[in-house]
Amino acid sequence: MADGVQEILRVTSLSAGYGALRILHDLDLTVLAGERLGIVGLNGHGKSTLFLAIAGLTGWQRGSILLNGHEVGGTRSQGPGRYTHRVVRRGLALMPQGDEIFHGLTVEEHLDSGAFTPRAWRERKPRKARILEIFPPLAKLMAVPVGRLSGGERRMVCLGRGLMADASLFLVDEPSLGLAPKIGRSVMQALMNIELGGAAMVIAEQNVSLLEGRVDRIIGMHVGKLKGEASVSLSGAARAQG
Amino acid sequence: MDIGIIAVNALTLACIYGMLAIGISITWSSLGLVNLAYGFMFAFAGYGAWQINAWCSAAHLALPPVATLAIGVLCGALAGLLVCALAFIPIHDKPNFTMRGMVATIAIDLIGTQGLLWYFGPRAKSLPEIFGYWQIEYGGIVLTANTAGAIGSSILLLGAVLLWMKSSRRGLEIRAMMMNPHAASLVGIGVRRTGLYVMALTGGLAGLAAVLLSQTYYVSPFAGFTPLIKGVSIALCGGLGSVAGAVIAAVILGINEAVTAATIGGQYVLITQFALIIAIIVVRPRGIAGILDRAREA
């Protein structure tokens, strides 16, 4: 908590994996309030596993995860998802890769389901209106079952559901994956336009050009470890020169 | 052969089996548990209603008939919570839960029904008449008090449950779990607490079915066995996880049972029932829900 800037997330020596497979190797990460952080790396190097481990959804994990000062990690050898709802109530909104949607619920029910905390549930109407401002195409689709939407629309629903919560940490896993480049860019733009306030957002992405110049920091990920950090002022300056 | 009688019988059976099948279907799709302890929950609710009636009459308290229904529903819900506490909460996140859950619920069923046999003895008990002895006659169709009461109360309770699932926040949680348990935990839905709701709810449905069936049959430790088999097979036929599919399957199999009993004899019911189910599953492997689904999966 140095310098009065609040730490939203502090991960120390986190290892995680599935069965005999170890994917994260003693990883450290700190995310400050109000910052937008990009994590870039190739397929299979642990970006998604890092997010799943923060949510307690990996096969096993060990290491400390402090979310808003509360320990949500620890050592766990089985039972993925057992405590996920508690982590979520501590202020985590995970928008997973591959659209974890409820295919039979309508878009509106979907957004409601994201508003889990009592405060979010009371305020769900204004919040839904705000989501529709961020993703205008959803306004026409509120009564349609999500299973009938296109990939881009599903991604918007999935992100909108995450934004309904009282979250202080948004983990967005590959928001542009599987979308046409134009739609991917507009989804990314919508993410950048969201007012974070005291919250923080971490975006995992393979396509560095989508993040460059728009996030506060970019960290590379390679074989289960975080490598090389660049603040955006630096990469922005580099671009201005080049 | 009287079409009126067959129609009334079919509707009654459809209501009672429908409640069981919907319970099994919801449990499977939201918790991933094939609840084979349904027979025990069924018998437990029947015995609970009988026991409380016996205590009340020993204390010279006259219970209103509707109270018997309510007690049956509550005892069923209690049995559901018991099954949840024993077979869901301790093992739901362990590897291979589907198989373990099935084994655990069969064990609860066997131990539970033997326990009821040990405590209450082998003699069947009969519950007091709930609906009285009146009857309505309309256009040659006779509705006795029992059938009218069974149809009315099961439609009422089912309607209430479905409305609750459609409109309330807990209902939204349960439906979300039915569609994608992984995503449900991501939006902060506690799997165990939802498990308790689901099991209490399905137990209550089983309890009502038990009390209603005991108006025609008796309460006995193994009374739940045939309803369990029929409930599971109807749930399968409707497509596990689909409430609408289960209702349609219950109506089809109710008609089948009534027609079979009226034409070739009641002892052949299971044969025609399974032949029909196999035929449906061969044509539609996902059951009737495969025809109904509006949204494509995943």
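The text that follows walks through the structure, step by step, so that each part is easy to find. (Residues numbered from 1 in each chain as written. Chains lettered and ligands numbered in written order. Predicted model: local features only at pLDDT ≥ 70, side-chain atom pairs only at ≥ 80, totals over all residues.)

Things to note about the interface of chain A and chain B
Here is step 1: Across the contact, 27 residues belong to chain A and 22 residues belong to chain B.
Here is step 2: Looking at the side of chain A that touches chain B residue by residue, the class counts come to 10 nonpolar, 10 polar and 7 charged. (Contact = placed C-beta atoms within 7 Å. Nonpolar A, V, L, I, M, F, W, Y, C, P; charged D, E, K, R; others polar.)

Thoughts on the pairing of strand β1 (residues 7-18) of chain A
In regular strands, side chains alternate between the two faces of the sheet.
Residue and element names in this part refer to chain A.
Here is step 1: Bridge analysis of β1 against strand β2 (residues 21-32) gives 8 bridges, and the strand direction is antiparallel. Looking at the pairing, Gly17 lines up with Arg22 of β2.
Here is step 2: The sheet contact formed by β1 and strand β4 (residues 60-67) spans 7 bridges and is antiparallel. Across the sheet, the residue bridging to Leu9 is Leu67, located in β4. (Pairing = 2+ DSSP bridges. Helix = DSSP H or I, 4+ residues; strand = E, 2+ residues; numbered from the N terminus.)

Considering helix α1 (residues 3-31) of chain B
Here is step 1: When the terminal C-alpha atoms of α1 of chain B are compared, their 41 Å separation across 29 residues agrees well with the 42 Å that a helix rising 1.5 Å per residue should span.
Here is step 2: Count one or two residues on from α1 of chain B and you reach Gly32 of chain B, which has phi positive near 70°. (Expected span 1.5 Å × (residues − 1).)

What about the packing of α1 of chain B against helix α8 (residues 191-213) of chain B?
Axis angle and axis distance: for two packed helices, these are the angle between their axes and the distance between the axes, and together they describe the pair.
Residues and elements named next belong to chain B.
Here is step 1: Here α1 crosses α8 at 165°, and the two axes come no closer than 9 Å. Viewed along their axes, α1 and α8 adopt a mutual orientation that is roughly antiparallel. Our pair here, α1 against α8, has a crossing hand that is left-handed. Along the contact surface, α1 presents Ile16, Met19, Leu20, Ile22, Gly23, Ile26, Thr27, Ser30 and Leu31, while α8 presents Thr194, Gly195, Val198, Thr202, Leu205, Ala206, Leu208, Ala209, Leu212 and Leu213.
Here is step 2: Of the residues assigned to the contact of α1 with α8, the class counts are 13 nonpolar, 6 polar and no charged. (Axes fitted to C-alpha atoms, helices over the stretch in contact; angles between N-to-C directions. Parallel < 35°, antiparallel > 145°, perpendicular 65-115°, else oblique. Left-handed = near helix turned anticlockwise from the far one by under 90°.)

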